[in-house]
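Commentary on secondary and tertiary structure
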Amino acid sequence: MKTAVYPGSFDPITNGHLDVIIRAANVFDKLVVAVLNNANKRPIFTVEERVEFIRESVPKMPSCEIIVTSFDGLLADFAQETGATTVVKGLRAMSDFEYEFQQALANRKMNHRLDTVFLMTSEKYMYLSSSLVREIGRHGGDISDFVPLKIQKRVLEKLSK
Ligand code: COA
């Protein structure tokens, strides 16, 4: 069974993330969507909220078991614990590349069995990020094209507080 981990802050999950999840689920037998419990990025949404938002947004996929959970510490260690041998990341633009390249090499150095696979983002989500959603939502803007429908109301409620 081929297991992959898709890590991120997901603060909150966007349609760009969802696109990567669905496409990765067509490639792997099991996909662990892993929310980093990262105090240093000062997330707006709690780790429980971020996990719940993803669980509610992800559709059932017939060919892939999708698990949503959180993790602390190093991704290389978490991947080993979950039996994942692949990290999935979305690539949006060349500006993502250098950082992602460094992360992929560091993760492989720490866990020799761990490879990183990059999925090119769909062009309509090239410019999208969680911080863009947070910024627009905070000012009462329309986030309906950016965030999965099921969670839009709760995301806006918290951002506008
Ligand atoms: N669609 C929309 N947005 C996307 C996207 C996509 N396909 N891909 C990435 N993004 C956004 C993210 O939402 C994030 O937005 P934000 O910065 O505005 O919140 C931004 O692009 C950066 O994404 P990413 O590089 O994946 O960062 P992240 O914070 O979401 O996740 C981890 C980073 C969790 C993967 C990484 O920090 C990690 O593995 N940490 C654990 C510690 C570790 O092992 N470090 C590596 C060894 S040194």
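Each chain has its residues counted from 1, following the order in which its sequence is written. Only residues with pLDDT of 70 or above have their local features reported here, since the model is predicted, and side-chain atom pairs are shown and tallied only from 80 upward, although totals for entire chains, interfaces and linings are computed over all residues. Here the side-chain values reflect all heavy atoms present in the structure, with hydrogen atoms and water set aside.

**With respect to the site of the ligand**
Whether a residue is near a molecule or strand is decided by its heavy atoms; if any one of them lies within 4 Å of it, the residue is near. Around the ligand sit 24 residues, and of these Ser9, Lys41, Leu75, Ser130 and Ser131 come closest. Lys89 places a side-chain nitrogen or oxygen 3.1 Å from an oxygen atom of the ligand. Definition of a polar contact: a pair of N or O atoms within 3.5 Å, with one able to donate and the other able to accept a hydrogen when the atoms are protein atoms, and with sequence-neighbouring residues admitted only if both atoms are side-chain atoms. The separation between an oxygen atom of the ligand and a polar side-chain atom of Ser131 is 2.4 Å. For accessible areas, the Shrake-Rupley method is used with a probe of radius 1.4 Å. Any residue's cover is judged against the shown protein chains and nothing else. Calculation on the ligand without its partners gives an accessible area of 940 Å², and the protein chains cover 82% of this total. Secondary structure elements are taken from DSSP: a helix is a run of H or I of four residues or more, a strand is a run of E of two residues or more, and numbering for both begins at the N terminus. Looking at the shell around the ligand, the element that brings in the most residues is helix α4 (residues 94–110), giving five residues. In this count, Pro and Cys sit with the nonpolar residues alongside Ala, Val, Leu, Ile, Met, Phe, Trp and Tyr, while Asp, Glu, Lys and Arg are called charged and the others, Gly among them, polar. Each residue belonging to the shell around the ligand can be placed in one class, and the counts come to eight nonpolar, 11 polar and five charged.

**Quick notes on unusual backbone geometry**
Omega for the peptide link from Asp11 to Pro12 comes to 5 degrees, which places this bond in the cis form. Within the secondary structure, Pro12 is located in the loop between β1 (3–8) and α1 (15–25). Of note in the backbone geometry, Phe10 takes a positive phi value of approximately 50 degrees without being a glycine. Along the chain, Phe10 falls in the loop between β1 and α1. Among the residues examined, Phe10 registers a relative accessible area of 2% and is labelled buried. Within the chain, Arg42 stands out as a residue other than glycine whose phi angle is a positive 45 degrees. When accessible area is computed with a 1.4 Å probe and restricted to protein chains, residues below 20% of their type maximum are described as buried, those above 50% as exposed, and intermediate ones as partly exposed.

**Re helix α2 (residues 47–57)**
Think of an α-helix as 3.6 residues a turn; residues three or four steps apart then line up on the same face. Val47, Arg50, Val51, Phe53, Ile54 and Ser57 are the residues of α2 that are buried. Mapping the buried residues of α2 onto a view down its axis gives an arc of 160 degrees, with all of them on the same face. In α2, the exposed residues that point more than 90 degrees away from the buried face are Glu48 and Arg55. The inward-facing, buried residues of α2 abut α1, β2 (30–36), β3 (65–71) and α6 (152–159). Throughout, the arc means that of the directions going from the helix axis to the C-beta atoms. Contact definition: two residues touch when any of their heavy atoms are within 4.5 Å.

**Thoughts on the pattern of salt bridges**
Two side chains that carry opposite charge are able to pair once their charged atoms sit near each other. Between Lys or Arg on one side and Asp or Glu on the other, a salt bridge is scored when a side-chain nitrogen of the former is within 4 Å of a carboxyl oxygen of the latter. Summed over the entire model, instances satisfying the criterion amount to 10 salt bridges. Of the charged contacts, one joins Arg134 and Asp11 as a salt bridge, the two residues approaching to 3.5 Å between their closest N and O atoms. Taken together, the residues Arg134 in helix α5 (residues 130–138) and Asp11 in the loop between β1 and α1 connect sequence positions 123 residues apart. There is no split in this pair, since Arg134 and Asp11 are both buried. We note a salt bridge from Asp19 to Arg23, for which the minimum N-O separation is 2.9 Å. Highlighted residues: Asp19 and Arg23, both in helix α1, separated by four residues, approximately one helical turn.

**Some points on α6**
For α6, the set of buried residues is Gln152, Val155 and Leu159. Down the axis of α6, the smallest arc covering the buried residues is 70 degrees, so these residues share one side. Summarising the contacts, the buried residues of α6 are in contact with α2 and α5.

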